[in-house]
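Observations on the model geometry
If you want the building blocks of each chain, they are given just below.
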Amino acid sequence: MDLQKPPPASHRPEGCLVVAVRLPVRIVVLALVLPVRMVWDALVVTGRFLRDTVLRPLGRALLWAGRAVFVWPFAGLWRYVLVPVGHALAWLGTVLLVVPAVWCHRYLLTPVGHALAWLARGAAAGLAWVYARVLTPVGHALTWLLKGTGAVLAALGAGAYTAVARLLRYLLVVPARWLYTWVLAPVGRAVAWCARGVGWLLGLVVTGAGLALYWTGRVLFVLPALALWRWVLAPVGRFLAVVGREAGEALGHAWRVAGRISLSVGRALGTLFRWIFVEPVRWVYRTVLTPVGHVVRDAVLRPLAQGLRAVGRVSREALATARETVRQARADVRRMLFGEPRRRQAVDRREPIARDTRTLGRSTTALTKD
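On a predicted model such as this, the values are computed, not experimentally measured, just so you know.

**Side note on the overall build of the protein**
From N to C terminus, the protein includes one helix and zero strands. By residue count, 5% of the 370 residues in the protein fall in the buried class. If you take every contact in the protein between residues at least 6 apart in sequence, the share linking residues at least 24 apart comes to 70%. Only carbon and sulfur atoms are counted for the fraction: they give 72% of the accessible area of the protein, which is about 32,500 Å².

**A short note on the packing of aromatic side chains**
Evaluated as defined, the whole model comprises four aromatic pairs. Judged by centre distance (5.9 Å) and plane angle (45°), the rings of Trp 103 and Tyr 107 are tilted. Taken together, the residues span about one helical turn, with Trp 103 and Tyr 107 both in helix H1 (residues 16-338) at a distance of four residues.

**Quick word on the side chain of Arg 37**
Position of Arg 37 relative to the elements: it lies in helix H1. Relative accessible area serves as the criterion here: at 16%, Arg 37 is assigned to the buried category. Among residues more than four places away in sequence, those in contact with Arg 37 are Trp 255, Ala 258, Gly 259 and Ser 262.

**Topic: the pattern of salt bridges**
According to the stated counting rule, one finds seven salt bridges in the structure shown. Linked through salt bridges whose partners overlap, the residues forming this network are Arg 51, Asp 52 and Arg 56.

Calculation rules
- Residues numbered from 1 in each chain as written.
- Predicted model: local features only at pLDDT ≥ 70, side-chain atom pairs only at ≥ 80, totals over all residues.
- Heavy atoms only, no water.
- Helix = DSSP H or I, 4+ residues; strand = E, 2+ residues; numbered from the N terminus.
- Buried < 20%, exposed > 50% of the residue type's maximum accessible area, 1.4 Å probe, protein only.
- Contact = heavy atoms within 4.5 Å.
- Areas by Shrake-Rupley, 256 points an atom, 1.4 Å probe, with all protein chains shown as cover.
- Phe/Tyr/Trp six-rings, centres within 6.5 Å; stacked < 30°, edge-to-face > 60°.
- Salt bridge = Lys/Arg side-chain N within 4 Å of Asp/Glu carboxyl O.

Structure follows, in structure tokens:
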């Protein structure tokens, strides 16, 4: 097997040092990885064997035990205890609560409600008459008085507002506008011009100091760091990248080769185990246990199964008879308590048999007949 994996076409040509170091590194990594891969494959095979032979049957047994212990008892309790008790309680609730409540609503509350509704309609009619004949004229008179009073007060307010507005205009607004135009605006423009000059001077000072600090930091820090990166860190990083890449490729190649070796060893051990243990056990099962099992099946198990099926059939028939008896008894008790149920009138849904029957070939339908 070729231990050197051919490089892809997209890779650049490599140096002779890399090619010379690659083979020893891969051999050493293979010697280190092979035991780990064989132990891993052995653990995988053991885990699959335990899953198929121990854990899965154990899980099925636990599932069956859980159903037998938890599900089936609760299902029987629900089906044969709680459901009948619920039906009985529903029937008692209907008889003791629903029927009296319906009777009380129909023969007691409904007449009282009709009487209260009649009284409420009479009171509403009286209140409507009082509103139309008494309150509405009084309200119209009060509205007319309030409108007149509001008009007088509005006229007085408009005159007072006009007088106060003129006084405020000539006493406050005109002097404040003159003060802003001839005093505050010139002073503000002079202060703004001085502030712009001071800002320009400070900008020049800050720009000069920034240039000096920039060139000082560049000469003292940037140029030495750039030289260190270009001539020291970059070559060391490339060397470490080549070493890491080769180590990773060697590890993957060694893992694949170890898998092939482990597969071959596993197949050899499986063949040896089959010839030592499986084939003898298969021969014993085929030549000894199978005939004995057939004899036991024909002589013991089949007669026993037929007897159990007969017993089950008889038990089911007895249970069906008892269930039918209980159903008849319950129907008789219901008939004695509540009487015969009212039968529905049968409706004849058959096709007519006279000459007006529906056909598809003649013009006797509702849309085509004359």
